[in-house]
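Here are the chains, one letter per residue:
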Amino acid sequence: MANAPALLATYSFGWEVFDETSLSPVERQIVYQTANFENECNYCVPWHTLLVKQAGADTETVEALRRGSCGFRGDLARCSDLIARGIPR
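Now for a description of the structure that goes with this document. (Residues numbered from 1 in each chain as written. Predicted model: local features only at pLDDT ≥ 70, side-chain atom pairs only at ≥ 80, totals over all residues. Heavy atoms only, no water.)

It is worth spelling out a nonpolar patch on the surface at this point. Taken together, the side chains of M1, L7, L8 and Y11 define a hydrophobic patch exposed on the protein surface, amounting to about 400 Å² of accessible area. Inspection of the secondary structure assignment puts M1 in the segment before α1 (5–18). (Patch = residues over 30% accessible without salt bridge, like charges linked within 9 Å, V, L, I, M, F, W, Y side chains within 5 Å. Areas by Shrake-Rupley, 256 points an atom, 1.4 Å probe, with all protein chains shown as cover. Salt bridge = Lys/Arg side-chain N within 4 Å of Asp/Glu carboxyl O. Helix = DSSP H or I, 4+ residues; strand = E, 2+ residues; numbered from the N terminus.)

What follows deals with the state of the cysteines. Scanning all chains against the criterion turns up zero disulfides. Cysteine C41 shares no disulfide, and the gap to the nearest cysteine sulfur, in C44, comes to 3.0 Å. For C44, a relative accessible area of 21% translates into the label partly exposed. (Disulfide = S-S within 2.5 Å. Buried < 20%, exposed > 50% of the residue type's maximum accessible area, 1.4 Å probe, protein only.)

The next point concerns the packing of aromatic side chains. The tally for this structure, following the rule as stated, stands at three aromatic pairs. Between Y11 and W15 the ring centres are 6.2 Å apart and the planes differ by 40°, which places this aromatic pair in the tilted class. Residue Y11 and its partner W15 are located together in helix α1, separated by four residues, close to a single helical turn. Of the residues examined, Y11 reaches a relative accessible area of 43% and is grouped as partly exposed. What makes W15 partly exposed here is its relative accessible area of 26%. A centroid spacing of 4.7 Å and a plane angle of 15° characterise the contact between W15 and Y32, whose relative ring orientation is stacked. (Phe/Tyr/Trp six-rings, centres within 6.5 Å; stacked < 30°, edge-to-face > 60°.)

Structure (structure tokens):
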């Protein structure tokens, strides 16, 4: 992104808009971490592990996310429901 200012601007805008959804901070981190796991991002998974802990997720949720499950004792469909519910007001 350092060499693509438009990409960085888009990323930053998306991050800010996502914070305006009805999802809680933990739910937003669950969405991020699920995408990180699915994309096999070895940088983002550890970073969002810290962020989801800071958001207040319990240890079970943090570990479930690192294994690739949504952390709601469900599956990724639960995350899809959260995404759909979190459309900005």
